[in-house]
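Results of the structural survey
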Amino acid sequence: MMLSSSLKEVINSLRNGSIQSKELCEKCIRRVQKTRELNSFITETLDIARSQASESQARQLSGSSLGILDGVPVAVKDNFSTLGVQTSCASAILKGYVPPYNATMVQRLLDQGAVMMGKTNLDEFAMGSGSLDSVYGPVRNPWKYTFQNYEANKQDDLNKQSLRFSNKGNSANHKNNIQSESIKNSDSTNGQNGSSGIPEDMDVSDTRSEECDWYVSGGSSGGSAVAVATGTAFAALGSDTGGSVRIPASYCGVVGFKPTYSLLSRYGLIPLVNSLDVPGILTKTVDDTVIMLNVLAGHDVHDSTTMTDPYKPVLAVDFPEKISLKGLHIGIPKEYHAPGLASDVLSAWDKAADLFEAHGATVSEVSLPHTRFSIVCYSILCACEVSSNMARYDGIEFGHRAQNADASTEALYAASRHEGFNDVVRGRILAGNYFLLNKNYDTYFIQAQKVRKLISEDFACVFSVGVDVLLTPTTLTGAPKYSWYKREDNRTRTEQQDVFTQPINMAGLPAVSVPASLSDEGVPIGLQFIGPMFSEQKLLTVARWFEQQVHFPRLSLDGILGDL
Amino acid sequence: MTRFYVNISKMSTWMLTLNHRCLSSKVPAKPTWKQIDPSTLPKPTTIDEATISHLERLALVDFNNQEGIERLEKAIRFADQITLVDTTGVQPMDSVLESRNTYLRKDEVTEGNCKQEILKNAALVEEDYFVAPPGNIPLKKKEKSYRPKT
Amino acid sequence: MSHTLGRYRRFTSNFQCSYSVYRALTRALHHGQRLSQNARAGWETVVGLEIHAQIASHSKLFSGAGTQFAAPVNNQVSFLDAALPGTLPVLNRRCAEIGVMTGLALGCHINRESRFDRKHYFYADLPQGYQITQQRQPLAEKGEIPYYFFVANDMKSPTKLSARIHHIQLEQDSGKSLQDPEQNMSLIDLNRAGMALMEIVTEPDFRSGEEAAAFVKELQLILTTIGACSGVMAEGAMRVDATVSVNKVGEPISTGVRVEIKNVNSIRGVAKAIEYEFSRHISLLEKGEKIANETRAFDAENVETISMRDKEKVHDYRFMPEPNLPPLRIYDNQTLSSDLSPDQVINVDEIRSSMAATPEERRLALQAKYGLSLEHCQVMLTSEGTEDFFTAVMNADTTRDIAIVYQLLFSILLSFTNEHKIPVDKSPVDIVKFGDTVDLLCSKRITYQVARNIFHQYFEAADNRPVEQMVDEEDWWIITDKTLIEEHCKKLMAESPKKVKNHKKGYRECGFHKAIVVRTQGRADPVLARQVVEENMGKFVKKK
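It should be emphasised that the depicted structure is a prediction, and the values quoted were computed from it without experimental measurement. (Residues numbered from 1 in each chain as written. Chains lettered and ligands numbered in written order. Predicted model: local features only at pLDDT ≥ 70, side-chain atom pairs only at ≥ 80, totals over all residues. Heavy atoms only, no water.)

On to the overall build of chain C, then. A tally of regular secondary structure across chain C gives 17 helices and 17 strands. Seen along its three principal axes, the alpha-carbon backbone of chain C occupies a region of about 90 × 65 × 60 Å. For chain C, the proportion of its 544 residues judged to be buried stands at 57%. Across chain C, the fraction of contacts at a sequence separation of at least 24, relative to all contacts at a separation of at least 6, is 69%. Just so you have it, chain C exposes about 24100 Å², and 51% of that area is on carbon and sulfur atoms. With 67 positive and 70 negative side-chain charges, chain C shows a spacing of 7 Å between the two charge centroids. (Helix = DSSP H or I, 4+ residues; strand = E, 2+ residues; numbered from the N terminus. Buried < 20%, exposed > 50% of the residue type's maximum accessible area, 1.4 Å probe, protein only. Contact = heavy atoms within 4.5 Å. Areas by Shrake-Rupley, 256 points an atom, 1.4 Å probe, with all protein chains shown as cover. Lys, Arg positive; Asp, Glu negative; His and termini not counted. Charge placed at Lys NZ, Arg CZ, Asp CG, Glu CD.)

Let's shift gears to the pairing of strand β10 (residues 469–473) of chain A. Residue and element names in this part refer to chain A. Among the 5 residues that make up β10, 5 are buried, leaving the element largely enclosed by the rest of the structure. Here β10 shows no split at all, with Val469, Leu471 and Pro473 on one side and Leu470 and Thr472 on the other all buried. With 2 bridges connecting them, strand β8 (residues 329–333) and β10 associate as parallel partners. Looking at the pairing, Ile330 lines up with Val469 of β10. Two elements, β10 and strand β12 (residues 524–530), share 4 bridges in a ladder whose sense is antiparallel. The residue bridging Thr472 from the neighbouring strand is Gln528, located in β12. (Pairing = 2+ DSSP bridges.)

Turning our eyes to something else, we now look at the interface of chain C and chain A. One frequent convention defines the size of an interface as the accessible area lost when the parts assemble. Contacts between chain C and chain A engage 30 residues on the former and 39 residues on the latter. Regarding the contact of chain C and chain A, the summed buried area is about 2800 Å², with carbon and sulfur atoms giving 57% of it. When the buried area of chain C at its contact with chain A is split by residue, Pro85, Leu88 and Phe122 of chain C rank highest and sum to 22% of it. Taken together, chain C and chain A are joined by 0 salt bridges. A per-class count over the side of chain C that touches chain A returns 21 nonpolar, 6 polar and 3 charged. (Buried area = accessible area lost by both parts, 1.4 Å probe. Salt bridge = Lys/Arg side-chain N within 4 Å of Asp/Glu carboxyl O. Nonpolar A, V, L, I, M, F, W, Y, C, P; charged D, E, K, R; others polar.)

It is worth spelling out the nonpolar core at this point. Judged by nonpolar contacts, the single largest core of 228 residues is most densely connected at Phe125, Phe356, Phe459, Phe529 and Phe546 of chain A. Ranked by size, the runner-up nonpolar core spans 73 residues in total, among them Leu49, Ala53, Ala196 and Ala213 of chain C. (Core = buried A, V, L, I, M, F, W, Y, C linked by side-chain atoms within 4.5 Å.)

Turning our attention to the sheet that holds strand β13 (residues 259–264) of chain C. Residues and elements named next belong to chain C. Here we have 9 strands laid out as an open sheet, ordered β3-β7-β8-β11-β1-β12-β13-β14-β15, and mixed in their pairing. A single partner strand is all that each edge strand has here, and the edge strands are β3 (109–110) and β15 (304–307). Inspection of the sheet shows β13 paired to strand β14 (residues 295–299) by 3 bridges, in the parallel sense. By the bridge assignment, Glu260 is partnered in β14 with Thr295.

Further remarks concern helix α7 (residues 359–370) of chain C. An α-helix turns once per 3.6 residues; consequently, residues spaced three or four apart project the same way. All names here are of chain C. Its 12 residues give α7 an end-to-end C-alpha distance of 16 Å, which sits within 8% of 16 Å, the value for a rise of 1.5 Å per residue. Residues of α7 that are buried include every one of Pro359, Glu360, Glu361, Arg362, Arg363, Ala365, Leu366 and Tyr370, and no others. Trailing α7 by a residue or two, Gly371 shows a phi angle of about 65 degrees, which is positive. (Expected span 1.5 Å × (residues − 1).)

The next point concerns helix α11 (residues 431–442) of chain C. All names here are of chain C. Given a rise of 1.5 Å per residue, 12 residues ought to cover 16 Å, and the 16 Å separating the end C-alpha atoms of α11 matches this to within 8%. For α11, the complete set of buried residues consists of Lys433, Phe434, Gly435, Thr437, Val438, Leu440 and Leu441. Residues of α11 that are buried make contact with α9 (386–396), α10 (402–420), α12 (448–460) and α13 (467–474). After α11 finishes, the residue Lys444 shows a positive phi value of roughly 55 degrees.

Across the boundary between the two partners, chain B contributes 81 residues, which contact 105 residues of chain A. In total, chain B and chain A occlude about 8200 Å² of area from one another, counting both sides; carbon and sulfur atoms represent 65% of this. Along the contact surface separating chain B from chain A lie 5 salt bridges. The salt bridge involving Glu357 of chain A is made with Lys26 of chain B; its shortest N-O contact spans 2.7 Å. For the pair chain B and chain A, the number of links is 23 residue pairs in polar contact (both at pLDDT 80 or more). Among the secondary structure elements, those contributing two or more residues to the side of chain B that touches chain A are α1 (13–16), α2 (49–59), α3 (66–79), α4 (115–120) and β3 (129–132) of chain B. Counting residues per element, the side of chain B that touches chain A draws most heavily on α3 of chain B, at 7 residues. (Polar contact = N/O pair within 3.5 Å; in protein donor to acceptor, adjacent residues only side chain to side chain.)

Next up on the list: the confidence of the model for chain B. All names here are of chain B. Considering every residue of chain B, the mean pLDDT works out to 77; 73% of them sit at 70 or more. Model confidence for chain B, summarised as mean pLDDT per element, is weakest for α1 at 45 and strongest for strand β1 (residues 104–105) at 96. Counted against residues more than four places away or in other chains, residues 1–23, with its pLDDT under 50, gives 38 contacts. The low-confidence segment residues 137–147, where pLDDT is below 50, has 31 contacts with residues more than four positions distant or belonging to other chains. (pLDDT = per-residue confidence, 0-100.)

We now examine unusual backbone geometry. The omega torsion across Gly219 of chain A and Ser220 of chain A is 10 degrees, close enough to zero to call that bond cis. Structurally, Ser220 of chain A is set in the loop between β4 (185–186) and α5 (222–229). With a phi angle near 65 degrees, Ala126 of chain A is a residue other than glycine that sits in the positive phi range. Along the chain, the position of Ala126 of chain A falls in the loop between β3 (115–120) and β4. Under the relative-accessibility criterion, Ala126 of chain A is labelled buried at 5%. Notably, Asn113 of chain B is not glycine yet its phi reads approximately 60 degrees, a positive angle.

Okay, the pattern of salt bridges next. The final tally for this structure, using the stated rule, is 58 salt bridges over all chains. One salt bridge in this structure joins Asp241 of chain C and Lys262 of chain C, with 2.9 Å as the shortest N-O distance. Note that Asp241 of chain C is positioned in strand β12 (residues 238–248) and Lys262 of chain C in strand β13, a separation of 21 residues in sequence. In this structure, Asp241 of chain C and Lys262 of chain C share a single accessibility class: buried. It is possible to trace a salt-bridge network through shared partners that takes in Asp94 and Glu98 of chain B together with Glu113, Arg115, Asp117, Arg136 and Arg329 of chain C.

Residues and elements named next belong to chain C. One can describe the packing of helix α14 (residues 482–495) onto helix α16 (residues 512–519) by two numbers: an axis separation of 10 Å at closest approach and a directional angle of 115 degrees. Like other packed secondary-structure pairs, α14 and α16 cross with a definite hand, here right-handed. Residues Ile485, His488, Cys489, Lys491, Leu492, Met493 and Glu495 of α14 lie in contact with α16, whose contacting residues are Phe512, Ala515, Ile516 and Arg519. Classifying every residue of the contact of α14 with α16 gives 7 nonpolar, 1 polar and 3 charged. (Axes fitted to C-alpha atoms, helices over the stretch in contact; angles between N-to-C directions. Left-handed = near helix turned anticlockwise from the far one by under 90°.)

Here the focus is the environment of Asp458 of chain A. Residue and element names in this part refer to chain A. Looking at the element boundaries, Asp458 is found in helix α12 (residues 441–464). Here the alpha-carbon distance between Asp458 and Ala507, two residues 49 residues apart in the chain, equals 9.2 Å. Not counting residues within four places of it along the chain, the set of residues in contact with Asp458 comprises Leu368, Pro369 and His370.

All names here are of chain A. A complete count under the given rule lists 34 aromatic pairs over all chains for this structure. Pairing Tyr97 with Phe398 gives two aromatic rings, centres 5.6 Å apart and planes at 45 degrees, and the pair type is tilted. Taken together, the positions of Tyr97 in the loop between β2 (73–77) and α4 (104–111) and Phe398 in the loop between α9 (371–389) and α10 (409–420) put the pair 301 residues apart, joining distant regions of the chain. In this structure, Arg493 is placed above the aromatic ring of Trp484, and the distance from its NZ or CZ to the ring centre is 3.8 Å. (Phe/Tyr/Trp six-rings, centres within 6.5 Å; stacked < 30°, edge-to-face > 60°. Lys NZ or Arg CZ within 6 Å of the ring centre and 35° of its normal.)

Look at the UniProt record and you will see "domain: Asn/Gln amidotransferase" (unreviewed entry) annotated at residues 388–537 of chain C. Overall, residues 388–537 of chain C shows 69% helix and 0% strand. The separation of its end C-alpha atoms is 46 Å. (UniProt positions renumbered as here; feature names shortened; annotations may be inferred.)

As a further point, take the environment of Thr417 of chain C. All names here are of chain C. In this fold, Thr417 is placed in helix α10. Along the backbone, Thr417 and Ala196 are 221 residues apart, and their C-alpha atoms lie at a distance of 35 Å. Thr417 has contacts with Ile422, Val424, Ser427 and Phe459, leaving out every residue within four places of it along the chain. A distance of 3.1 Å separates a polar side-chain atom of Thr417 from the backbone oxygen of Leu414.

The next thing to look at is the side chain of Gln81 of chain B. With respect to the helices and strands, Gln81 of chain B occurs in the loop between α3 and β1. If we skip the residues at most four places from it in the chain, Gln81 of chain B touches Phe373 and Val376 of chain A together with Ile36 and Leu41 of chain B.

Turning to a positive patch on the surface, a few remarks are in order. Together, Lys498, Lys501, Lys505 and Lys543 of chain C make up a positively charged patch on the protein surface. Here Lys505 of chain C lies in helix α15 (residues 497–505). (Patch = residues over 30% accessible without salt bridge, like charges linked within 9 Å, V, L, I, M, F, W, Y side chains within 5 Å.)

With that settled, consider the pairing of β3 of chain B. For a regular strand, side-chain orientation follows a simple rule: the groups alternate between the two sheet faces. Residues of β3 of chain B alternate between two faces, with Tyr129 and Val131 of chain B on one and Phe130 and Ala132 of chain B on the opposite face, all of them buried. In this sheet, β3 of chain B lies alongside strand β2 (residues 125–126) of chain B in antiparallel orientation, the contact comprising 2 bridges. Bridge pairing in β3 of chain B places Val125 of chain B opposite Phe130 of chain B. Where β2 of chain B folds back on β3 of chain B, the antiparallel hairpin that results is connected by 2 residues, among which Glu127 of chain B adopts a positive phi of roughly 45 degrees. Across 3 bridges, the pairing between β3 of chain B and strand β10 (residues 185–189) of chain C is antiparallel. Looking across to β10 of chain C, one finds that Ala132 of chain B is bridged to Ser186 of chain C.

Structure representation (structure tokens):
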């Protein structure tokens, strides 16, 4: 039962002594081991976690806690730099790369005494909406997942295990898929990384029959969302560029929060699109998000784009009158009924709007006229920044370096980059370079920047006439099946899946996805709340109220994996 | 096969009234826009050989195969939709922070002096130097002397 | 000095209009002169310059790593400089201030808002795969500075020319690569990567290598005077790229094909590289051949330019705004806002009023106050500490003869300080002793030779006596007794009859006046000595 607790509940338990850090850490470790099939972790830092938990316990016993998160297991997406622990961005090009510094977000968690369970899986370089395009294999949604062979995962020796999806052999039986080569990374007690060999003929396509299909976790922060949903961590760091925190939150039935751009520091977050990226927070409840936000927010001298005004912590408060929401104005952007919106999502959205209205809020239809072009604009700006951000991966100072390609600098770079990047990344780099060519610059890049301005103004206009919060779906459908998802390529799926989430990144606004209901297939549907810049207090208050009305069922794996 | 449990009893009643809505909704019942008609777009771009080699040279990333070329053509086709937006009089937006000033740091030496950490992740190092293939040496061609007559 | 400076600054701002007319006239006047100098069978030779000057700050442009010259390999490198993923640039305030100061010194308009961009290309010494620079909106634009060009090495009367500055931008320097031909590799040192540079781009206003070199020299003087850059070209603190083209006289400049000569690191090299290139162009054009639009390097040893063929530039840099740096805003007294914290504000008016005077301002002030010639001003500006010393001596007593002060300082004192390698302000001859010596010279109580003896005592003998006391005790007072001098003269005439004969016959001057000075330990008034010798020997007239 403990692992299905919220962050707030577990903090109370640690404080009042009903559980101690070491015991809590061991429970989470066992859950990590039992849920390996879901492939949510690239690197498990279990020994580090144990020693952190041990230190935390000693501190708590002597009454000298570091902070509110002291002793709490957390997970970190593998595109945040972590000192002494491999940071791969799920890419072969950063194979074995161990940063010499912690990202500010990570540092702030560690300064509080948080216990790091591991680095979670993602789409390579955060490019994708499904967490399927990782060199370490796809992430699986725990909802309606048929666990097999979790007994076999009881072994602690990670070097003998791996999860690999091969189209050779009988795919119906997971047991056959366990190979002797390791793709999981283990830490040793001094924090150094174990071997991180990537099997040469890594094949991540999964051709199991329909009955062994699974639901997509969403991406790119799929690993983090699954870590929280399964109880291996009580909060996780993700990153959100076009919906990468909110989409997996929606599919996995957890809360996914995207803060206002510039509120949280990006120092150490390996960038996808610098002008859109933000660190995001995944937790079970909105109260948990508030706790995390208050720890993480605030100016960072290492990041010139962070807000210099002093940060005012968000308070977890109720509306003045518990029943009536009088004075609150909810906007429903009509363009968010986009082509392809599933009927179960539409119903949930409908019901939510009615709920607010029934409790006294003003609910009105608004318009964000440039919504349909937002995804196009995003695709151009994203490709351009990606092509620039990826220029540093040449194998000279760090990262994968090709062998036998030393004829010239250009030949070496080309070989290293060919071997290191997957098709998705290479495709975006080429597209970005195309758009940035002198002859194309005005047609695509400048035009996209102008459209971005229009999108931003759409939101500003709506908020300026008194709308407090916008309510929209997070995704077109509930969590999709893997077999369905793989019918189209990464680029196409991103185009489709990000439709409701990326406009918010373009305008730099805060947004949160709150689990709302279950789809017709019984997997989660989330709804998105969007506020003006720096309106976290109001936004999260509204989200919290909604969450309290919905009573969305928390995923409990205790029955399947053994009561912990 | 083990079953997957969901604790249904905790769900609020509002979920079960999905089909019994009595309040009028502000949510539009039908999609409010359609996908863009491709005939309204400019001519599709095909990538010729010259562009392929130019891009591969600039990006130092290869297309790898026909699929890669098609991927780019599809991306350009998708991006072509942006030309349909009327942006007369609109200023391009670099980022949402345009009205903010860049942070100014004091001129102090606070970093560096960490050679080991800097070199640690490099695949190839030679006596504290990073190693790259040879190149970028000006070629010395024997040209006729053009020294000015003094 | 600052009083004069203030007057000069007000003068120029009040009379901006007539000053620019003056400039235009000067340019027109000199254009004809320059054309005739450089005209080579009807060809016009045009140069534009791009100078990269390393900003003299303690830390780098966007990171906190140090900037010392010749630090241990890869030890002055931060995570950002090594392009480790996830690192972000943070602008060094001092670099922006120095950029503003340089813009002001070069007469530019300072852009109140400037932005940063990424310029993409792959190179082993550029770990990020792009350079952060300012392409769209640089820090400063449209300036102009005067400089002095000595025609045919005539050091006495320079021509005053003027060159326009197109813009100044801040940007990152790259690392360094060493070629190791034996092991067939390049070794990369990133110490220099990320250091702050100002790229100063001129209009194509130069018509010869010498003009360009003279401009670079003046620029170097300006930058060192205001403390923006060390100016040491041998250490790479200033590097010059010259774009050169040749066109027929009368044709527009754009008809000439442009060739860029990169990274010239000496002032003489600038002149030589450009002249070589002009000759090469003219030679090819006269044969009817085409000039290739390319980049070349200057080989200082062989004094020629060579094609940098394997650095075929892929000209599309795919510029993109730098998303991690919001705009750099510069304020002034009008636009200053109270909600900004002072350490986050750069005020151009404050910088203008507190910056050191530029060389031109100092020259004009020296000329206005003391009537010094341009040549004398130049000497003073290029000898460190002398201006302050000079003005201190003059301020102590404004009636002192300027010519005497100048002569004593530059002909005598500086020869001692140079020999002993000590700065002027640390010399044993301080302002008081110097001033006293000047006074004795002015009142004709000692000669220059005696002054030299006095300084010799202070420098070599660690003498501490006040000047007048020393002169008195050594009996070094000037000898103006004509009878005494005549005695010496007659003695000399008696000792060397051959010399007398040669002098009178016009073969060789006797030089007795010098001998008299020597025999009197320098005390004889040299003018009187010469007069006496002339009276006794007759004036020397060289026989043809």
